[in-house]
Amino acid sequence: MRQAAILLNQGEVTLPPTRLITILDTLAGSAVELRLLGYTNVGTSSTLAISGQAQNRQALATFRTAIEAHPYFYSADLPISSLIKDRDLLFTMTIITDVVPPAE
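Residues numbered from 1 in each chain as written. Predicted model: local features only at pLDDT ≥ 70, side-chain atom pairs only at ≥ 80, totals over all residues. Heavy atoms only, no water.

1. Thoughts on the pairing of strand β4 (residues 87-97)
Two elements, strand β2 (residues 45-56) and β4, share nine bridges in a ladder whose sense is antiparallel. In the sheet register, glycine 52 faces β4, and the bridge partner there is phenylalanine 91. Across four bridges, the pairing between strand β3 (residues 73-77) and β4 is antiparallel. Bridge pairing in β4 links alanine 76 to isoleucine 95. (Pairing = 2+ DSSP bridges. Helix = DSSP H or I, 4+ residues; strand = E, 2+ residues; numbered from the N terminus.)

In C-alpha cells, the structure reads:
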C-alpha cells in the first residue's frame, strides 16, 4: 500500500497534523516543552516547524534523536545555535515527515 500511495501521489495518505503533534508531544517527554508549531503539507510530505524550551542540552539532543529514529519522520533540522546554552534552551526545529507513513 505504501508503494502504491507513492506511485499514485496520494497526499491524503500522510498523517493528519493532530496525530503528528501527539507523536511529537510523546517524544518530547517532560524535559522538552513544545510551544509553537507550524504545519505545511505539500504533496505527500509535510513540514513541521516547532519551537519550545528544553531543560538542558541532553534533553534536546535526545528529543531530536527520537524524532529521527521514529518511522513517521524523515529528518529533524536543529540549528547549532539552539545548543549554545546548557540549561533552559529555547529552540526551533524543522521536521520533515516521511513521504508516506508506514502502515500501523
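From this point on, the discussion continues.
2. Topic: the side chain of serine 51
Summarising the element assignment, serine 51 is placed in strand β2. Owing to a relative accessible area of 17%, serine 51 belongs among the buried residues under this scheme. For serine 51, the contacting residues outside a window of four places in its chain are Glu33, Leu34, Arg35, Leu36, Phe91 and Thr92. (Buried < 20%, exposed > 50% of the residue type's maximum accessible area, 1.4 Å probe, protein only. Contact = heavy atoms within 4.5 Å.)

3. Thoughts on the side chain of glutamine 53
One can find glutamine 53 in strand β2. A polar contact of 2.3 Å, which involves the side chain of glutamine 53, links it to the side chain of arginine 35. Setting aside its immediate chain neighbours within four residues, glutamine 53 contacts Ala31, Val32, Glu33, Arg35, Asp88, Leu89, Leu90 and Phe91. (Polar contact = N/O pair within 3.5 Å; in protein donor to acceptor, adjacent residues only side chain to side chain.)

Keep in mind these numbers describe shape, not what the thing actually does.
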